[in-house]
Amino acid sequence: ALLILEQEGLVVHNQNRGFSILTLGPEDRRGMAKVRFPLEALALELAKSRATPEDIAEMEALAIRLVASFGEDLGTCAREDLAFHEKLWELSGNRWLVIALKRVGVPFFLWTII
């Protein structure tokens, strides 16, 4: 389980010292955004040509949930935001792009909650 969390960028493995929780600062968030935004643009471009009417309806429902969460606590809002983006990434149809976006995107969204 810890190795999976490490692959997702949520914990750090230190040789002979075990695992520790990833700590991020504002500079990390800016650096993650610089990587994530171009990848998200590519995911959106790929998803546009692949999305079915059902996919679009699901994205609209996720967007409604996201907007509704703006009045909630920050954690709820971040989780809804991540759910929306994960669906978009999935719709790209490119598993390598999804892996890259999860690696940089999940910590980006979770950093908001912490």
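Since this is a predicted model, take the numbers as computed values, not measurements.

A. Region of the structure containing the pattern of salt bridges. All chains considered together, the criterion is met by 7 salt bridges. Here Glu90 ties to Lys87 by a salt bridge, and the two come within 3.4 Å at their closest N and O atoms. With Glu90 and Lys87 both in helix 4 (residues 74-91), this residue pair falls 3 residues apart, about one helical turn.

B. Region of the structure containing the packing of helix 2 (residues 26-50) against helix 4. Between helix 2 and helix 4, whose axes approach to 7 Å, the crossing angle comes to 60 degrees. One way to sum up the angle between helix 2 and helix 4 is to call them oblique. Our pair here, helix 2 against helix 4, has a crossing hand that is left-handed. Within the contact between the two elements, helix 2 uses Arg36, Glu40, Ala43, Leu44, Leu46, Ala47 and Arg50 and helix 4 uses His85, Leu88, Trp89, Glu90 and Leu91.

C. Highlighting helix 4. For helix 4, which comprises 18 residues, the first-to-last C-alpha distance of 26 Å matches the rise-based estimate of 26 Å (1.5 Å per residue) to within 8%. Where helix 4 is concerned, the buried positions are Gly75, Cys77, Ala78, Glu80, Leu82, His85, Lys87, Leu88, Trp89 and Leu91. Capping the start of helix 4 is the job of one residue whose side-chain oxygen sits 3.2 Å from the backbone nitrogen of Gly75: Asp73. Just past helix 4, the residue Gly93 takes up positive phi, approximately 75 degrees.

Scoring rules and cut-offs
- Residues numbered from 1 in each chain as written.
- Predicted model: local features only at pLDDT ≥ 70, side-chain atom pairs only at ≥ 80, totals over all residues.
- Heavy atoms only, no water.
- Salt bridge = Lys/Arg side-chain N within 4 Å of Asp/Glu carboxyl O.
- Helix = DSSP H or I, 4+ residues; strand = E, 2+ residues; numbered from the N terminus.
- Axes fitted to C-alpha atoms, helices over the stretch in contact; angles between N-to-C directions.
- Parallel < 35°, antiparallel > 145°, perpendicular 65-115°, else oblique.
- Left-handed = near helix turned anticlockwise from the far one by under 90°.
- Contact = heavy atoms within 4.5 Å.
- Expected span 1.5 Å × (residues − 1).
- Buried < 20%, exposed > 50% of the residue type's maximum accessible area, 1.4 Å probe, protein only.
- Polar contact = N/O pair within 3.5 Å; in protein donor to acceptor, adjacent residues only side chain to side chain.

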